[in-house]
Amino acid sequence: MKLHLMKILFAVLCCISGLTASGQITVNGTIIDKLSKEPVAGAVVISRDADAVTVSQINGFFRLNLPQGTQKAMITLVGYISKEIEIAGSSELGTIELESDALELEAVMVVASFAKDRETPVALSTIKPEIIAEKLGSKEFPEILRSTPSVYVSRGNGGYGDSRISLRGFDSNNIGILVNGVPVNDMENGKVYWSNWAGLADVTRIMQVQRGMGASKLAISSVGGTVNIITKNTDAEKGGSVYSGFGNDGYNKYSFNLSTGLMDNGWAVTVAGGTTFGNGYIDGTNFRAYSYFANVSKVISPKHKLSLQAFGAPQWHNQRGSMHKISTYENENPDIPFYIKNKKYNSDYGYRNGKVYGGNSGYNEYHKPQISLNHYWDINETSTLSTVAYVSVGTGGGRRITGRDNRIYDDDWNLIEGADYRYKMTWYGDVPNDMNYLTPEGILNYDAAISENVQSGNGSRVIIANAVNSHKWYGLLSTYNKSFNSLKMTAGLDAKYYIGTHGWEIVDLLGGKYYLDKAYNANRPADTHLKTGDKFDYHNDGIVSWLGVFGQLEYVKERYSAFVSASVASHNYRRKDYFNYTTDNQLSDKVPFTPFSLKGGFNYNLNRKNNVFVNAGYFTRSPYFDDAFLNWKNDINTNAGMEKIISGEIGYGFISSVFSAKLNAYITNWKDKTFPYNRNGIVANISGLNALHKGVELEMQLNPVPGLLITGMCSLGDWVWQDDVNFKVFDESQTYIEDRNAYVKGIHVGNSAQHTAFLGIDYDVFRSIKVGANVNYFGKHFAEFDPMNREAADFKGDSWRLPDATTVDLNLRWNFEIAGMGATLYGNIDNLFDKEYFSDASDGSNHDRHTALVYYGFGRTWTAGIRVNF
């Protein structure tokens, strides 16, 4: 009887098993990018009829269980055109290509030298648009790169758009920042002011960091690396979106995006815009910013496409320009008579007419639109020519508080009478220069300055000025590509012309009737009564011309690839000084430089999972514009030579369906760095400084189950100055004073964390809800220091080392529908546990926390927003 029952049960189980097998099919495939042929991770594969969903893994592979008879499934991912696939009973779908939702992307990526994993032999990290949308929140645009090895990002003084970025210990002056392949580093000092690009996050299609020499063919200042930003260009499909968000400290953001898609007549138009405003996290740093983007494209023929693009971000924001001692923020400084106890303290603002009014280095207003015309020509099946002509006109500047120096000395330099009013409303360091110019709350007292100006009866002693820094920038970048089967040749032209206008302009006499400028001016009497709008102190133009050529040979096979590239440029500076010279003698002689670069690399794919690469390069860089001239005049600095950079790295990569890792080691030798010094009547040109930057970097991804992604990064750097240097000191009239030494050998490079780490966990809790958590660590961070303060041979220790810090961020994304339209809700909490830490520091006299000047990092902040697509 028991045996009979067992036979019946076995038969039933077999029937159920057969029904299950016949009622289900398992389909699988591999999703790749149509352009780059690289695997696409995180794509959602969904069959709504079968109520089944999965996510592609790190190598693009996916597996989906579906009921027998299911005909179709949909693949979606931000940045790509959604693709419907036919099942038709097949379980093996093979390779599926996703196409970008942006037109002309391939041509732009070629111009921008966008690198490919397992092909381009450089250390790289790619940030995709969904990461920017989910993780950025109200943070500054560069902060999205905190998950990248050897990157340190600080909010700096805390003002809107005032963040700074370092890569392998080099600041933005020494990082090539490219937008659609066009360099945007300032042509005089190499800096990038992120407030001028405030709306860039809203229109970024993809972002890539190439550490070290990178793949860019241009002769740019990529000592630390290159940040390559590709914008939306023109959307391939018709549609649009609107966004509304809010956050801590009155943060608000509204934006929109509209696109016609590619129409039947070959035209396509995309426009976007937005505004952001708030009170700012730091005291007295309220702001208002706008952004706009427009792209009009025309497919003239199968071989010719034109694209006209305009982008800009006009903004104003109050700032914080002064660091202070920790004891000041903690209300432990006995020399400060007022109560602070505030990590957000800002001594560079006050109130006028009931509104916040930023003071010295406490306010910035700027607009830097960039307009480009792009032509893409498919000459034949093996040749293309991409050309972009662009213009950028920047207008604006920063507020300054300054005043007259009425001091009179006897022959022995003893003060007879008078005072220096230039610094009465500034406070950087220990104690305010004049307590009368501060309120009991420790902020600027404009009423006191106005009262003194009115009572003086001799013109204004203290005034408000605007430090004007406007420019006109014209450029042409043309790139020709030719393929010879596995060999690819690239050649091009990079031409730029720039005029930067600088000077101080009176904005407000603060109750006075006029202002006397004690600075020398060859074209007006010294006792000229200056009024609002007049220029004073200095007024000059920086004129920069650049004509460069570049070329590259790249050999690509399935198992290996190699490249060698070179560039050379004619780089010239001229200076036009409107104050120190008469009108017939204001233009300096030309100061010529010839920077060049030579680099190469090799990648070998051991198999489908493992690859190794090596690269090396040598390039020279012109000194900055101000380094080429002395005494803030047209005097040419004959000692300003070319800086030299030698760099190399070796790396290993691994990729499987659930795990990927990239490990590399690098070394960069920066030789003959120039450090000009001009303070308190002392002029010096410290040259011959050498620094050695070396380290290891690791980044990983783990995708153990569909919908769960774990990312990690760790970088260990050791960046050290190599030599003590001797230099000559002069007074402002170029009279020799003495020889001095800067004892910097063995001292660690400051102003950036040399150790960084990151751990991120993202999980699709349900089909429409995704949550994420990030842990950020930064350590071995030394305070910035001045080589002129290292004159004591008996002390060769490091500057103050900031305490290591760890912060935690959370993010949420929820997809749903509103009236048939797709919508996404975003939420972000940064520094969840309100960790107190120092983000920036300037070394003090004792090289410790008691004498250092600091900025605290941001505490807990949050944002929430909703985007509706139509």
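Scroll up for the structure.
The text that follows walks through the structure, step by step, so that each part is easy to find.

The pairing of strand β43 (residues 682-702) with strand β44 (residues 708-721) spans 12 bridges and is classified as antiparallel. Considered in β44, the bridge of Leu692 is made with Val720. From the end of β43 to the start of β44, which pair antiparallel, there are five residues, and Gly707 there has a positive phi angle of about 95°. Examined bridge by bridge, β44 and strand β47 (residues 753-764) share nine bridges and lie antiparallel to one another. Paired with Met713 across the two strands is Phe758, which belongs to β47.

Moving on to the sheet that holds strand β10 (residues 151-154). If you trace the three strands from one edge of the open sheet to the other, you get β10-β11-β12, paired in antiparallel fashion. Looking at the sheet topology across the chains shown, the edges are occupied by β10 and β12 (170-171). Taken together, the two bridges between strand β11 (residues 164-167) and β12 define a ladder with antiparallel strand orientation. Bridging across to β12, Ser166 finds its partner in Asp171.

Attention now moves to the sheet that holds strand β9 (residues 123-127). Taken in spatial order, the five strands line up as β9-β15-β16-β13-β14 in an open sheet, and their pairing is mixed. Strand pairing shows two members of the sheet lacking a second neighbour, β9 and β14 (182-183), which therefore form its edges. Of the strand pairs in this sheet, strand β15 (residues 204-211) and strand β16 (residues 225-231) are connected by seven bridges, and their pairing is antiparallel. Bridged to Gln208 within β16 is Asn228.

One pass over the full model with this rule turns up 27 aromatic pairs. On the basis of an interplanar angle of 45° and a centroid distance of 5.9 Å, the ring pair of Phe596 and Tyr618 is categorised as tilted. Of this pair, Phe596 sits in strand β37 (residues 596-605) while Tyr618 sits in strand β38 (residues 610-621); the two residues are 22 residues apart in sequence, bridging distant segments of the chain. The exposure class of Phe596 is partly exposed, given its relative accessible area of 32%.

You can see Gly403 is positioned in strand β29 (residues 383-403). Taking the relative accessible area as the measure of exposure, Gly403 reaches 3% and is therefore buried. For the pair formed by Gly403 and Met425, sequence separation is 22 residues and the distance between their alpha carbons is 9.3 Å.

Moving on, we come to the environment of Ala107. Among the secondary structure elements, Ala107 is positioned in helix α2 (residues 105-111). Placed 118 residues apart in sequence, Ala107 and Gly225 show a C-alpha to C-alpha distance of 22 Å. Ignoring any residue separated from it by four or fewer positions in sequence, one finds Ala107 in contact with Tyr376 and Ser386.

The full count for this structure, using the stated rule, is 34 salt bridges. A salt bridge links Glu140 to Arg155; the nearest nitrogen and oxygen atoms lie 3.7 Å apart. Of the two residues, Glu140 is situated in the loop between α3 (129-135) and β10 and Arg155 in the loop between β10 and β11; the sequence distance between them amounts to 15 residues. Take Glu140: its relative accessible area is 8%, and that puts it in the buried class. Between Lys662 and Glu699 there is a salt bridge, with the nearest N and O atoms lying 3.7 Å from each other. Of this pair, Lys662 sits in strand β42 (residues 659-679) while Glu699 sits in strand β43; the two residues are 37 residues apart in sequence, bridging distant segments of the chain. We classify Lys662 as partly exposed; its relative accessible area is 27%. Residue Glu699 is classed as buried on the basis of its relative accessible area of 14%. A single salt-bridge network, built from bridges that share partners, covers Asp117, Arg168, Arg211, Glu649, Lys662, Glu697 and Glu699.

Another aspect to go through is the environment of Lys238. One can find Lys238 in the loop between β17 (234-235) and β18 (239-247). Note: C-alpha distance between Lys238 and Val269 (31 residues apart in sequence) is 9.4 Å.

Following the criterion strictly, the structure yields seven cavities of 30 Å³ or more and no others. Roughly 440 Å³ of volume is contained in the largest cavity. Forming the boundary of the largest cavity are 32 residues, of which Ala219, Ile220, Ser221, Trp546 and Arg621 lie nearest the centre. Of all elements in the fold, only β35 (560-577), β37 and β38 reach the threshold of two or more residues within the lining of the largest cavity. For the lining of the largest cavity, the element with the highest residue contribution is β38, accounting for five residues. Class assignment of the residues belonging to the lining of the largest cavity gives a composition of 16 nonpolar, 11 polar and five charged. Quantified by volume, the second largest cavity comes out at close to 190 Å³. Forming the walls of the second largest cavity are 19 residues, and the residues nearest its centre are Val179, Asn180, Gln309, Ser372 and Asn374. At four residues, the largest contribution of residues to the lining of the second largest cavity is made by strand β28 (residues 370-380). A breakdown of the residues in the lining of the second largest cavity according to their chemical character gives 10 nonpolar, nine polar and no charged.

What counts, and at which threshold
Here the residue numbers are simple positions, counted from 1 along each chain's written sequence. Where totals are concerned, whole chains, interfaces and linings use all residues; where local detail is concerned, this predicted model gives features only for residues with pLDDT of at least 70, and gives and counts side-chain atom pairs only at 80 or more. Hydrogen atoms and water are omitted, and side-chain values are computed over all heavy atoms in the structure. One bridge is not enough; two strands pair if DSSP finds at least two bridges between them. Starting at the N terminus, helices and strands are each numbered in turn, a helix being any DSSP run of H or I of at least four residues and a strand any DSSP run of E of at least two. For Phe, Tyr and Trp, where Trp contributes only its six-membered ring, two rings pair if their centres lie within 6.5 Å, and the inter-plane angle classes them as stacked under 30 degrees, edge-to-face over 60, or tilted in between. Burial classes follow relative accessibility: with a 1.4 Å probe on protein chains only, a residue under 20% of its type's maximum area counts as buried, one over 50% as exposed, and anything between as partly exposed. Residue contacts follow a heavy-atom distance rule, with two residues in contact if any of their heavy atoms lie within 4.5 Å. What counts as a salt bridge is simple: a side-chain nitrogen of Lys or Arg found within 4 Å of a carboxyl oxygen of Asp or Glu. Lining residues are defined by having an atom within 4 Å of a point belonging to a cavity or pocket. Those points lie on a 1 Å grid over the protein atoms alone, cavities being sets where a 1.4 Å probe fits but cannot get out and pockets being open sets with protein on both sides within 12 Å along at least five of seven lines. Grid points are joined across faces, edges and corners, and a volume is the space filled by probe spheres set on the points. The nonpolar class holds Ala, Val, Leu, Ile, Met, Phe, Trp, Tyr, Cys and Pro. Asp, Glu, Lys and Arg form the charged class, and all remaining residues, Gly among them, are polar.

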